[in-house]
Amino acid sequence: MTMMGETWPHIGSLIATIMFLWAMFDNYFPDHLRSSILSYSMKLASFVYPYISITFNEFIGDSDEYMDLKRSDAYAAIETYLSGKSSREARNLKAVVVKDSSQPVQLSMDENEGVTDEFKGVKLSWTVKKNTRRTQSFSIFPEIDEKKYYKLTFHKSHRDLVCGTYINHVMKKGKEITVSNRQRKLYTNNPSQNWERYKARKWSHVTFEHPATFDTLAMESKKKLEIVNDLEKFSKGKEYYTKIGKAWKRGYLLYGPPGTGKSSMIAAMANHLEYDIYDLELTTVKDNTELRRLLIETTGKSIIVIEDIDCSLDLTGQRKNEKKKAKDEEAKDPISKMTKGEEDSNSKVTLSGLLNFIDGLWSAIGGERIIVFTTNYVEKLDAALIRRGRMDKHIELSYCGFEAFKVLAKNYLDVDSHPLFATIGHLLEETNITPADVAENLMPKSLNEDAEACLKKLIEAIKTAKEEATKKAEEEARLKAEKEEKEKLEATQEDVKIDESLAKDVRENGVEVVKDDKTLANEVKENGVTA
């Protein structure tokens, strides 16, 4: 016990001496000399300490200028990757606020904390450290005096595994976790005249919270499965697209009558893939250059949507005669355009520019994008715009069938079967009614309405739609018959006019009109010619 008491003062003195020497070394040795000494010391230590360390700094950029500092993507990915292990193993934790995330608070290790990770049977150590700046400078911008970094430590025998595979694994998993936790967004493009304003952006966004999924989509199950498989194959096809030399993007054309679920389909696609949506309004884009600039500002894992493309701009080149005719009418009557409530679009986006946006060199920027066109009238679109390779998959969203009705009945009434289903099935086979109309009739309008009341209401609505369709068909048939009769009468009158004109011309030339066979016979006899 006495010996221990005598030893402690010596140990304390030794520690104080080492600290004094280190302070002298750190403060008074020139930087280049200090770096050289530390370098040789580390080489000597490596003979007895067989571990390697890799440092990942929190910030990148010019360390002397605060404005140039940017948080490292690698540091953020590591922090996200280790967040689960940190919350389970670390004793000292800190809460990190994450913007645009479904989990706004993320737990990570505090300074000088560490956790272990295992990869392919190899154990690795992660610690969080902090560097303190020694220099001071005068600037209107505050300097970051403390810089944090992650330190990865592993045995030197595993260098190839760590540098070749493990780090990429950490980056990939960290980004995947970030994507899965992020709040997805719905973007719309801002008018270009606002782009140059202070802090102005080309796209504005809100949080995307549409609840539509493929489970709730009113569509045949076989068709839904086909679309889901196609989407999943695309989302996992980066290497395949690289192999075939094609940009990692895919086009979908959604067409069908209004109310058949085109917007719901887009929302279900975004929710299934966890993609953002960029709703592009073409009429606010001035020219092809602005269109490309908007494309550059979009991110991967996104769906770029142009709704009602047949109405957005006159891009087809198939309606030039109608357009010219309309312009001639407007020239004669300038007020007609104002009476129709039409607005003159200054957009100079061309079909060629849009095609290059979809399928040209610019379409390969970023990757992992889906481009969706919607239209109610697919026959109005230029064939070059919707050919395979641009709009790779054409999806027709038609009127409600029995299988789609059952999905809606489950969604709105929580019923899988009912005696009235058979009647509804027969009526749907004979009547065209949109899923939107079916859903409106299935939705209870009061607390007293039960499933049977809603189904009966739907039956009446389908019968009414059937009667209206029959009346419309009869009216169209009547109008068609009247039109044909009128055209026939006009054609007969035209023939009479031609005959009268011909008779007049014959008389003026000194020749009588041949009235009938008897008159012809008399004239033959008078001329001494036998017929």
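Keep in mind the model is a prediction, meaning the values are calculated, not measured.

As for the side chain of N190
Mapping N190 onto the fold places it in the loop between β9 (185-189) and β10 (203-207). Side chain to side chain, N190 and S204 meet in a polar contact 2.7 Å long. Ignoring anything within four residues of it in the chain, the contact list for N190 reads W195, R201, K202, W203 and S204.

A closer look at the packing of helix α5 (residues 221-235) against helix α7 (residues 262-273)
Orientation of α5 relative to α7, taken along the N-to-C sense of each, is 45°, at an axis distance of 11 Å. Classified by the angle their axes make, α5 and α7 are oblique. In this structure, the crossing between α5 and α7 has a hand that is right-handed. In this structure, α5 uses I227, V228, L231, E232 and S235 to contact α7, whose residues at the interface are M265, M269, H272 and L273. Looking at the contact of α5 with α7 residue by residue, the class counts come to six nonpolar, two polar and one charged.

Looking at the environment of S87
Here S87 lies in helix α3 (residues 73-89). Residue class for S87 comes out partly exposed when judged on its relative accessible area of 38%. Separated by 22 residues in the primary sequence, S87 and M109 place their C-alpha atoms 7.9 Å from one another. One polar contact links the side chain of S87 to the main-chain carbonyl oxygen of G84, over a distance of 2.8 Å.

Rules and cut-offs
Residue positions are given per chain, counting from 1 as you read along its sequence in written order. A pLDDT threshold of at least 70 governs which residues receive local features in this predicted model, and a stricter bar of 80 or more applies before side-chain atom pairs are shown or counted, although totals over entire chains, interfaces and linings include all residues. Based on all heavy atoms of the structure, the side-chain values leave hydrogens and waters out of the count. Note on conventions: DSSP H or I runs of at least 4 residues are helices, E runs of at least 2 residues are strands, and numbering of each starts at the N terminus. Two N or O atoms form a polar contact when they lie within 3.5 Å of each other; inside protein one atom must be a possible hydrogen donor and the other a possible acceptor, and for residues adjacent in sequence the pair counts only when both atoms belong to side chains. Contacts are assigned to residue pairs that have any heavy atoms within 4.5 Å of one another. For every element, the axis is a line fit to its C-alpha atoms; helices are fit only across the contacting stretch, and the angle between N-to-C directions ranges from 0 to 180 degrees. Each angle gets one of four labels, with under 35 degrees taken as roughly parallel, over 145 as roughly antiparallel, 65 to 115 as roughly perpendicular, and the rest as oblique. Note: crossing handedness is left-handed where the near helix turns anticlockwise from the far helix by less than a right angle, and right-handed where it turns clockwise. Three classes are used, and their members are as follows: Ala, Val, Leu, Ile, Met, Phe, Trp, Tyr, Cys and Pro are nonpolar, Asp, Glu, Lys and Arg are charged, and the others, Gly among them, are polar. Per-residue accessibility, obtained with a 1.4 Å probe over protein chains only, is compared with the maximum for each type, and a residue is labelled buried under 20%, exposed over 50%, and partly exposed between these values.

By themselves, these are just geometric observations and shouldn't be taken as functional.
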